[in-house]
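Results of the structural survey
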Amino acid sequence: MPDTRTIPAGTLVRRLWSSDRDAVVTLFRDLDPESRFDRFMGTVSEAAAAAYASHAVSAEGLVFGAFADGILRGVGELRPTGASAEAEIAFAVAPGHRGRGLGGALGARLAEAARNAGTRRIHLRCLPGNRRMRALARHLGAEFRLGGREVHAVLALSPPTLFSLWREGVEGLFDAAAAVSAAWPTVPLA
């Protein structure tokens, strides 16, 4: 799998926690109709997208976010599929922030977390017209399986290494520190 960790300056990719719930809801609520259609593979209202987002961080799996200038601009989700050693990923990136490497950076973090948890294959599904998602899957090194009304991409993962486990552990510490820092109230100096 290619290293896709190059992200734009001023961007932070980290794990999301329950304290990030409101930012996730705002991101999903503010998606334009085309973005919601692509993310959910069908027409979804603004309210339905926000309702989904309100539970996204606490649902089974992992959620990572991409912050540009301190504002959540992209979300990547890793959800177990029920099949042993398999998971599915999904992405949502704010209008005006697509095509800037956020999806690739989120995908790299999700793939490494999945790999280190023993996942062997990640599935990504999208509609045939979703060129950006197909390009992201290709960039991550996924193989495509065409059929029906959707594109199914499968990313095979190698077993974890000591280095991949160490790197994820260190990144996890930074993620937790960044989340605490963002949630900490700022007190103006007198």
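What this report covers is the structure whose coordinates are included nearby.

So, how was this worked out
Residues numbered from 1 in each chain as written. Predicted model: local features only at pLDDT ≥ 70, side-chain atom pairs only at ≥ 80, totals over all residues. Heavy atoms only, no water. Helix = DSSP H or I, 4+ residues; strand = E, 2+ residues; numbered from the N terminus. Rg over C-alpha atoms; globule rule 2.2 N^0.38 Å. Buried < 20%, exposed > 50% of the residue type's maximum accessible area, 1.4 Å probe, protein only. Phe/Tyr/Trp six-rings, centres within 6.5 Å; stacked < 30°, edge-to-face > 60°. Core = buried A, V, L, I, M, F, W, Y, C linked by side-chain atoms within 4.5 Å. Contact = heavy atoms within 4.5 Å. Axes fitted to C-alpha atoms, helices over the stretch in contact; angles between N-to-C directions. Parallel < 35°, antiparallel > 145°, perpendicular 65-115°, else oblique. Left-handed = near helix turned anticlockwise from the far one by under 90°. Nonpolar A, V, L, I, M, F, W, Y, C, P; charged D, E, K, R; others polar. Arc of directions from axis to C-beta. Salt bridge = Lys/Arg side-chain N within 4 Å of Asp/Glu carboxyl O.

1. Notes on the overall build of the chain
Secondary structure assignment for the chain yields six helices and seven strands. Scanning the chain from its N terminus toward the C terminus, one meets helices and strands in the order β-α-α-α-β-β-β-α-β-α-β-β-α. Its C-alpha atoms give the chain a radius of gyration of 16 Å, within 12% of the compact-globule value 16 Å for 190 residues. Taken across its 190 residues, the chain has 43% of its residues classed as buried.

2. Some words on the packing of aromatic side chains
By the definition in use, this model includes four aromatic pairs. Pairing Phe40 with Tyr52 gives two aromatic rings, centres 5.3 Å apart and planes at 85 degrees, and the pair type is edge-to-face. Linking Phe40 in helix H2 (residues 33-40) with Tyr52 in helix H3 (residues 46-56), this pair joins segments that are twelve residues apart in sequence. In textbook terms, an aromatic cluster arises when at least three aromatic residues are bridged by ring pairs, as seen for Phe28, Phe40 and Tyr52.

3. Some thoughts on the nonpolar core
Core analysis: the largest hydrophobic core is formed by 28 residues, its most contacted members being Leu78, Ile89, Phe91, Ile122, Leu124 and Leu155. Breaking this core down by element, the ones donating at least two residues are strand E2 (62-68), strand E4 (86-93), helix H4 (102-116), strand E5 (121-126), helix H5 (131-140) and strand E7 (150-156). Of all the elements, H4 adds the most residues to this core, at seven residues. What Leu78 contacts, discounting residues up to four positions off in sequence, is Glu60, Gly61, Leu62, Ala87, Glu88, Ile89, Leu110 and Ala114.

4. What to know about the packing of helix H1 (residues 21-29) against H3
The N-to-C vectors of H1 and H3 enclose an angle of 155 degrees; their axes lie 8 Å apart at closest approach. Here H1 is positioned roughly antiparallel relative to H3, judged by the angle of their axes. Considering how the two elements wind past one another, H1 and H3 form a crossing that is right-handed. Listed contacts from H3 to Arg21, Val24, Val25, Phe28 and Arg29 of H1 are Glu46, Ala49, Ala50, Tyr52, Ala53, Ser54 and Ala56. Residues of the contact of H1 with H3, tallied by class, amount to eight nonpolar, one polar and three charged.

5. Some remarks on H5
Residues Met133, Leu136, Ala137 and Leu140 constitute the buried set of H5. Relative to the axis of H5, the buried residues are bounded by an arc of 100 degrees and lie together on one face. Exposed side of H5, more than 90 degrees from the buried face: Arg131 and Arg138 are the residues found there. Each element contacted by the buried residues of H5 is listed here: E4, H4, E5, strand E6 (143-147) and E7. Positive backbone phi, approximately 95 degrees, marks Gly141, located one or two places after H5.

6. Looking at the pattern of salt bridges
Oppositely charged side chains may form a pair once their charged atoms are brought near each other. Enumeration according to the criterion identifies twelve salt bridges in this entry. Across the pair Glu77 and Arg39 runs a salt bridge whose closest N-O atoms are separated by 2.6 Å. Pair noted here: Glu77 is in strand E3 (residues 71-80) and Arg39 is in helix H2, with a separation of 38 residues, a long-range link. The same class applies to Glu77 as to Arg39, namely buried. Residues Glu77 and Arg79 are paired through a salt bridge, measuring 2.8 Å at the closest nitrogen-oxygen approach. Among the residues examined, Glu77 registers a relative accessible area of 1% and is labelled buried. The class of Arg79 is buried, set by a relative accessible area of 15%.

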